[in-house]
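The lines below spell out each chain.
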Amino acid sequence: MTVLLEILVAALLVLGGTFGLIGSFGLLKLKDPMQRLHPATKATTIGVGAALVASVLHLLLIGAGISWHEILVTLFLFLTAPLSALFLAKTHILRSLDPKVLPPTGTDAAWATLPRGK
Amino acid sequence: MKRLFPHPVLSLALAALWILLVNHWTLGSLVLSLILATLIPLLSARWWPYRPVIRRPLGLIPYTLLVLRDVIVANFQVARIILFLPNDRIRSAWISVPLDLTSPEAISLLAGTITMTPGTLTADVSADGRALLVHSLHAPDPDAIRDEIKTRYESRLKRIFE
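Predicted model only: the values in this text are computed from it and were never measured. (Residues numbered from 1 in each chain as written. Chains lettered and ligands numbered in written order. Predicted model: local features only at pLDDT ≥ 70, side-chain atom pairs only at ≥ 80, totals over all residues.)

### Focus: the overall build of chain A
So, step 1. Scanning chain A from N- to C-terminus turns up 3 helices and 0 strands.
So, step 2. Across chain A, helices and strands are ordered from the amino to the carboxyl terminus as α-α-α.
So, step 3. By principal-axis analysis of the C-alpha atoms, chain A measures approximately 65 × 30 × 20 Å.
So, step 4. Burial status across chain A gives 26% buried among its 118 residues.
So, step 5. Across chain A, every contact between residues at least 6 apart in sequence was considered, and the portion connecting residues at least 24 apart equals 58%. (Helix = DSSP H or I, 4+ residues; strand = E, 2+ residues; numbered from the N terminus. Buried ≥ 20, exposed ≤ 12 C-beta atoms within 10 Å, placed from the backbone. Contact = placed C-beta atoms within 7 Å.)

Written out as structure tokens, the structure is:
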């Protein structure tokens, strides 16, 4: 049983590492700043997630009891990843994007980031 | 009681957060969590004049499970696009998603969900809060993505919040 759990922990760590690597490779490969935000927000969540599950299992295995920090890390990750992506996207739209490529809002107002009159 | 705990849910969340953060079940950390749960809502009260209304809080549980499942799927999809799709065949697109939701909390939750799930990312909101600007990594059919966001996530959030 212990050996099986250890194999599971090791497999999770490898899985997490692989996804972290793929995410970083995506940052290098993709050409457009908006495209690069995708691997940074998504392909890495499973990387961190798998490492956290491995951490919980390992602590149970060595008899240290249940650790709650992993739940908090997951919570904060899900709170911060979309927000930092949103801020990066807004900065990109404001500083270096031609507003003409954006679709119309479909309402009377413009996109919030754009300066008035564009 | 209402003066001491103007926002009971926030107080409970803060106390739980502190206890999880200390990771030890001792009387001392319980007392400190109660002190924090009392002080922080009192000191920050002026920044949240309105309180979120959640019509059906229990609906958040199946929604969370659905999103977690989609996040895992999203990881594999994005990984596949990165590894196996040549750059010149990736069709990225901007999509404007009109909103039926009106509650700011529901819209924030929808925006966060869009960022965490398959191939899409929330980039902006219209100045009147009636539409979201979404960027899709690989969208051969942008309209299908817009419809999926509306039926899969927005309709569920609408049932929970409004």
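Don't stop here, the text continues.
### Things to note about the overall build of chain B
So, step 1. Scanning chain B for helices and strands turns up 5 helices and 3 strands.
So, step 2. Secondary structure elements of chain B occur, N-terminal to C-terminal, as α-α-α-β-α-β-β-α.
So, step 3. Here chain B has a C-alpha radius of gyration of 20 Å; the compact-globule value for 162 residues is 15 Å, and the former is much larger.
So, step 4. Based on the C-alpha atoms only, the size of chain B along its principal axes is roughly 60 × 35 × 25 Å.
So, step 5. Counting only residues that meet the buried cut, chain B has 30% of its 162 residues in that class. (Rg over C-alpha atoms; globule rule 2.2 N^0.38 Å.)

### Concerning the interface of chain B and chain A
So, step 1. Listed by partner, the interface residues are 36 residues for chain B and 44 residues for chain A.
So, step 2. The set of elements that each furnish at least two residues to the side of chain B that touches chain A consists of α1 (8-22), α3 (60-84), β1 (93-98), α4 (104-116), β2 (120-125) and β3 (131-136) of chain B.
So, step 3. Top contributing element to the side of chain B that touches chain A by residue count: α3 of chain B, with 8 residues.
So, step 4. Residue composition of the side of chain B that touches chain A, by class: 22 nonpolar, 11 polar and 3 charged. (Nonpolar A, V, L, I, M, F, W, Y, C, P; charged D, E, K, R; others polar.)

### A closer look at the sheet that holds β2 of chain B
So, step 1. The strand order β1-β3-β2 (chain B) describes an open sheet built from 3 strands, whose pairing is antiparallel. In this open sheet, the two strands that pair with only one neighbour each are β1 and β2 of chain B. Strand-to-strand twist in this sheet, taken as the mean axis angle between neighbours without regard to direction, amounts to 30°.
So, step 2. When β1 of chain B meets β3 of chain B, the two strands line up antiparallel, connected through 6 bridges. Of the residues in β3 of chain B, the one forming a bridge with P98 of chain B is A131 of chain B.
So, step 3. Of the strands in this sheet, β2 and β3 of chain B are in contact with helix α3 (residues 69-96) of chain A, which crosses β2 of chain B at around 60°.
So, step 4. Contacts from α4 of chain B reach β2 and β3 of chain B, with the element oriented near 145° to β2 of chain B. (Pairing = 2+ DSSP bridges. Axes fitted to C-alpha atoms, helices over the stretch in contact; angles between N-to-C directions.)

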